[in-house]
Amino acid sequence: GLIDHEIGHALTPPIFHFEKNISGKWISHKTELGMRLENFWNENLTKITNEISEYAGSKMHEFVAEAFCMREARKAPAWVVEWLKSEGI
């Protein structure tokens, strides 16, 4: 499970893009995936926490890794499998 969780992190496309602003400070912007993930995560946070884990409900990137891990173990709910498939993960 731990290895699949870490593979889930490695296979997740970037959620944030970082760049320096005009004053030289680093700022972050959500990528397109980041924006879709944030919407999905916010809309499904109760289900994520109850059906995946409290850890998955703590941070968006942890949800993706936990969802990937559950899918690999063939224990993921259908809505999780469908979301991963729709995002190419």
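All of the points below concern the structure found in this document.

The rules behind the values
Residues numbered from 1 in each chain as written. Predicted model: local features only at pLDDT ≥ 70, side-chain atom pairs only at ≥ 80, totals over all residues. Heavy atoms only, no water. Axes fitted to C-alpha atoms, helices over the stretch in contact; angles between N-to-C directions. Helix = DSSP H or I, 4+ residues; strand = E, 2+ residues; numbered from the N terminus. Parallel < 35°, antiparallel > 145°, perpendicular 65-115°, else oblique. Left-handed = near helix turned anticlockwise from the far one by under 90°. Contact = heavy atoms within 4.5 Å. Nonpolar A, V, L, I, M, F, W, Y, C, P; charged D, E, K, R; others polar. Buried < 20%, exposed > 50% of the residue type's maximum accessible area, 1.4 Å probe, protein only. Arc of directions from axis to C-beta. Lys, Arg positive; Asp, Glu negative; His and termini not counted. Salt bridge = Lys/Arg side-chain N within 4 Å of Asp/Glu carboxyl O. Core = buried A, V, L, I, M, F, W, Y, C linked by side-chain atoms within 4.5 Å.

Considering the packing of helix α3 (residues 60-72) against helix α4 (residues 78-86)
Axis separation between α3 and α4 bottoms out at 10 Å; the angle between their running directions is 110 degrees. In terms of axis orientation, α3 runs roughly perpendicular to α4. Regarding α3 and α4, the two cross each other, and that crossing is left-handed. Contacts between α3 and α4 involve Phe63, Val64, Ala67, Phe68 and Arg71 from the first element and Val80, Val81, Trp83 and Leu84 from the second. Residue composition of the contact of α3 with α4, by class: eight nonpolar, no polar and one charged.

Quick notes on α4
In an α-helix, one turn spans 3.6 residues; hence positions three or four apart end up facing the same way. Listed as buried for α4 are Trp79, Val80, Trp83 and Leu84. Each buried residue of α4 sits inside an arc of 135 degrees when the element is viewed along its axis, so together they form one side. Set apart from the buried face of α4 by more than 90 degrees, the exposed residues are Ala78, Lys85 and Ser86. Contacts made by the buried residues of α4 are with α2 (32-52) and α3. In the stretch just after α4, glycine 88 is the one whose phi turns positive, near 75 degrees.

Concerning the packing of helix α1 (residues 2-11) against α3
Following both chains from N to C, one finds α1 and α3 inclined at 125 degrees, their axes separated by 8 Å at the closest point. When the axis of α1 is compared with that of α3, the two are oblique. The chirality of how α1 crosses α3 is right-handed. Residues Asp4, His5, Ile7, Gly8, His9 and Leu11 of α1 pack against His61, Glu62, Ala65, Glu66, Phe68, Cys69 and Glu72 of α3. Partitioned by chemical class, the residues of the contact of α1 with α3 number five nonpolar, four polar and four charged.

Remarks on the side chain of glutamate 66
As for its placement among the helices and strands, glutamate 66 is situated in helix α3. The buried charged residue glutamate 66 lacks any salt bridge, with lysine 75 as its nearest oppositely charged partner at 11 Å. When residues no more than four places from it in sequence are discounted, the contact partners of glutamate 66 are His5, Ile52, Ser53, Tyr55 and Ala56.

Some remarks on the nonpolar core
Leu37, Ile52, Phe63, Val80 and Trp83 are the most contacted members of the largest nonpolar core, which totals 19 residues. If you list the elements that add at least two residues to this core, you get α2, α3 and α4. Here this core gets six residues from one element, more than from any other, and that element is α3. Excluding residues within four positions of it along the chain, leucine 37 makes contact with Ile15, Met60, Phe63, Val64 and Trp83.

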